[in-house]
Amino acid sequence: RRHFDFVLGSVHLVDGVDIYMAPYWAGKSYDEAVRLHLETTLECVRVHEDYDVLGHLTYISKARANPGHKLIRYEEHREILDAILTELVRHDKGLEVNTSGIDKCGGPLPTMDIVRRFRELGGKIVTVGSDAHDVSRAGQYTHEMVAELKKIFGYVCTFADRKPIFHKA
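Residues numbered from 1 in each chain as written. Predicted model: local features only at pLDDT ≥ 70, side-chain atom pairs only at ≥ 80, totals over all residues. Heavy atoms only, no water.

**Student:** What is the right way to read the overall build of the protein chain from this model?
**Tutor:** In terms of helices and strands, the protein chain carries 6 helices and 8 strands. Its helices and strands taken in sequence order, the protein chain reads β-β-β-α-α-β-α-β-α-α-β-α-β-β from the N to the C terminus. On C-alpha atoms alone, the protein chain measures out to a radius of gyration of 15 Å, which is about the 15 Å that the 2.2 N^0.38 rule sets for 169 residues. Counting every position in the protein chain, which comprises 169 residues, the buried fraction comes to 45%. Intrachain contacts of the protein chain at a sequence separation of at least 6 include 71% that bridge at least 24 residues. Working note: accessible area of the protein chain is about 8,800 Å², and carbon and sulfur atoms make up 51% of it. Of the side-chain charges in the protein chain, 23 are positive and 25 negative, and the distance between the mean point of each set is 3 Å. (Helix = DSSP H or I, 4+ residues; strand = E, 2+ residues; numbered from the N terminus. Rg over C-alpha atoms; globule rule 2.2 N^0.38 Å. Buried < 20%, exposed > 50% of the residue type's maximum accessible area, 1.4 Å probe, protein only. Contact = heavy atoms within 4.5 Å. Areas by Shrake-Rupley, 256 points an atom, 1.4 Å probe, with all protein chains shown as cover. Lys, Arg positive; Asp, Glu negative; His and termini not counted. Charge placed at Lys NZ, Arg CZ, Asp CG, Glu CD.)

Here is the structure:
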């Protein structure tokens, strides 16, 4: 009912619990916590369609309570990541590459191997976000990430009226 230029979808809760906080991690191994988050993300992209781009797919990497802030790599979770990325492609949804992970866990969210796989599977829409939460971090590393994405896709997208605009290299 409202007009938006862009709708970013993201998964922050699993079974009603915020993955950023300690209660989510209680009683789970690192691998169980990550797997459950990815499974929930897959379920969400299968049933929800009123968004344009999936935001920070591997957000769990930077969660405050994450014991290691380890980046999620494609090879470690290839089956479920392929399922998520395939759903995005099937529904003509985009993938946001979020720069907030660079300082917090050593790389973008998701990592570039996942971004490349999205492209291989037919992904066309790619955006950049900084998830700043503070004016001093707004747009941080955006120029560098746009340059990286243009090497892979030849462009990066912004949106107007919920339609992607492709900004070529």
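**Student:** How do you make sense of the pairing of strand β5 (residues 94-98) when you look at a structure like this?
**Tutor:** Residues in a regular strand project their side chains so that they alternate between the two faces of the sheet. Of all 5 residues that make up β5, 5 are buried, and the element is covered over most of its length. The side-chain alternation of β5 yields two buried faces, one formed by Gly94, Glu96 and Asn98 and the other by Leu95 and Val97. In this structure, strand β4 (residues 53-54) lies alongside β5, joined through 2 bridges in parallel fashion. Counted as the bridge partner of valine 53 is glycine 94 from β5. In this region the chain leaves β4, passes through helix α3 (residues 78-90) and returns to the parallel neighbour β5; the handedness of that crossover is right-handed. Pairing analysis gives 4 bridges linking β5 to strand β6 (residues 126-129), with the strands arranged parallel. (Pairing = 2+ DSSP bridges. Right-handed = clockwise from strand over helix to strand, strands pointing away.)

**Student:** What am I meant to see in the pattern of salt bridges here?
**Tutor:** Side chains that differ in charge, positive against negative, can pair when their charged atoms come close. For the coordinates displayed, the defined rule picks out 12 salt bridges. With a closest N to O distance of 3.2 Å, glutamate 39 and arginine 35 form a salt bridge. Taken together, the positions of glutamate 39 and arginine 35, both in helix α2 (residues 30-47) and 4 residues apart, correspond to about one turn of that helix. When its relative accessible area of 36% is taken as the criterion, glutamate 39 is described as partly exposed. One salt bridge in this structure joins arginine 117 and aspartate 82, with 2.9 Å as the shortest N-O distance. One end of the pair, arginine 117, is in helix α5 (residues 112-120); the other, aspartate 82, is in helix α3, with 35 residues separating them in the sequence. Three or more residues are tied together by salt bridges with common partners; here these are Arg46, Glu87 and Arg90. (Salt bridge = Lys/Arg side-chain N within 4 Å of Asp/Glu carboxyl O.)

**Student:** Honestly, the side chain of threonine 58 in this entry has me stumped. Any pointers?
**Tutor:** Mapping threonine 58 onto the fold places it in the loop between β4 and α3. Sequence-distant contacts of threonine 58, defined by excluding residues within four places in its chain, comprise Ile72, Leu109, Pro110 and Ile114.

**Student:** Please explain the sheet that holds β5 as it appears in this structure.
**Tutor:** The strands making up a sheet associate through backbone hydrogen bonding, with each pair oriented either parallel or antiparallel. Reading across from one edge, β1-β4-β5-β6 is the order of the 4 strands in this open sheet, with parallel pairing throughout. Each of the sheet's edge strands pairs with one partner strand only, and the pair in question is β1 (8-9) and β6. The sheet strands contacting helix α6 (residues 142-153) are β5 and β6, and the helix crosses β6 at an angle near 165°. (Axes fitted to C-alpha atoms, helices over the stretch in contact; angles between N-to-C directions.)

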